[in-house]
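The residues making up each chain are set out below.
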Amino acid sequence: DAKTTQPTSMDCAEGRAANLPCNHSTISGNEYVYWYRQIHSQGPQYIIHGLKNNETNEMASLIITEDRKSSTLILPHATLRDTAVYYCIVRPPPGNEKLTFGTGTRLTIIP
Amino acid sequence: GAVVSQHPSWVICKSGTSVKIECRSLDFQATTMFWYRQFPKQSLMLMATSNEGSKATYEQGVEKDKFLINHASLTLSTLTVTSAHPEDSSFYICSASGQGYDQPQHFGDGTRLSIL
């Protein structure tokens, strides 16, 4: 399974854009990049996923580099409720649906 | 969006008892469900993969006789912690995967198990 590398922690001012990087240099051509977040004492919440193209939904944007070796999750206007641990995960090909969680990035939104 | 319901959210019981945790997919059929365990300040660790109508697949180091998994329907999987001991105290989380590779897994809100 492709591994991911994320910074341990980040701070972001409330109202500003939060940009969370992720390296996945060993990703295969048919593997998706998924982002989840976990707020304290809750289950992980799905945010967004992508394969090659940049993606946007109501929660965030996902920018994937052309070589697919890294990606950035963007929360356009961070609020205090966005404080959480953010996990970048490379999803294995069909037939092996297991998600492997790394240590993630602890994002703290500063008032 | 897809919702996964987990019950109970919190349970405290005496050492030696068995505890059953339910995981339901509320608005979609889940051919596969996953069970994770999370210790304080650590990441989620996959325990087992549950497939509807067949035996669960356990990760290395997870005792299948200790953690019984039943996935009897496309919307329900259960995890039973048998003869629980204090070291089994943890946060247990399930996820469900619908049909289609590009569909995300959705997670329940977890069950905090405390064994006295």
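About the cut-offs
- Residues numbered from 1 in each chain as written.
- Chains lettered and ligands numbered in written order.
- Predicted model: local features only at pLDDT ≥ 70, side-chain atom pairs only at ≥ 80, totals over all residues.
- Heavy atoms only, no water.
- Pairing = 2+ DSSP bridges.
- Helix = DSSP H or I, 4+ residues; strand = E, 2+ residues; numbered from the N terminus.
- Contact = heavy atoms within 4.5 Å.
- Buried area = accessible area lost by both parts, 1.4 Å probe.
- Salt bridge = Lys/Arg side-chain N within 4 Å of Asp/Glu carboxyl O.
- Polar contact = N/O pair within 3.5 Å; in protein donor to acceptor, adjacent residues only side chain to side chain.
- Nonpolar A, V, L, I, M, F, W, Y, C, P; charged D, E, K, R; others polar.
- Buried < 20%, exposed > 50% of the residue type's maximum accessible area, 1.4 Å probe, protein only.

A. Summary view of the sheet that holds strand β5 (residues 55-56) of chain A. All names here are of chain A. As summarised here, the arrangement of the 4 strands in space is β2-β7-β6-β5, forming an open sheet in which the pairing is antiparallel. Each of the sheet's edge strands pairs with one partner strand only, and the pair in question is β2 (18-23) and β5. As paired strands, β2 and strand β7 (residues 70-75) are joined by 6 bridges and run antiparallel to one another. Considered in β7, the bridge of Asn19 is made with Ile74.

B. Structural context of the interface of chain B and chain A. Taken residue by residue, the interface counts 21 residues in chain B and 22 residues in chain A. Carbon and sulfur atoms make up 55% of the area that chain B and chain A hide from each other, which totals about 1700 Å². At the surface where chain B touches chain A, the tally comes to 1 salt bridge. The salt bridge involving Lys98 of chain A is made with Glu59 of chain B; its shortest N-O contact spans 3.2 Å. At the boundary of chain B with chain A, the tally comes to 5 residue pairs in polar contact (both at pLDDT 80 or more). Counting only elements with at least two residues in the side of chain B that touches chain A, the list comes to β4 (32-38), β5 (45-51), β9 (90-97) and β10 (105-107) of chain B. Classifying every residue of the side of chain B that touches chain A by side-chain character gives 9 nonpolar, 8 polar and 4 charged.

C. Here's a closer look at the pattern of salt bridges. Residue and element names in this part refer to chain B. Throughout the structure, instances matching the rule amount to 4 salt bridges over all chains. Among the salt bridges present, the one from Glu22 reaches Arg24, with a minimum N-O distance of 3.5 Å. The exposure class of Arg24 is partly exposed, given its relative accessible area of 34%. Residue Asp88 pairs with Lys66 through a salt bridge whose shortest N-O separation is 2.7 Å. Highlighted residues: Asp88 in the loop between β8 (76-81) and β9 and Lys66 in the loop between β6 (57-58) and β7 (67-73), separated in sequence by 22 residues. For Asp88, a relative accessible area of 5% puts it in the buried group.

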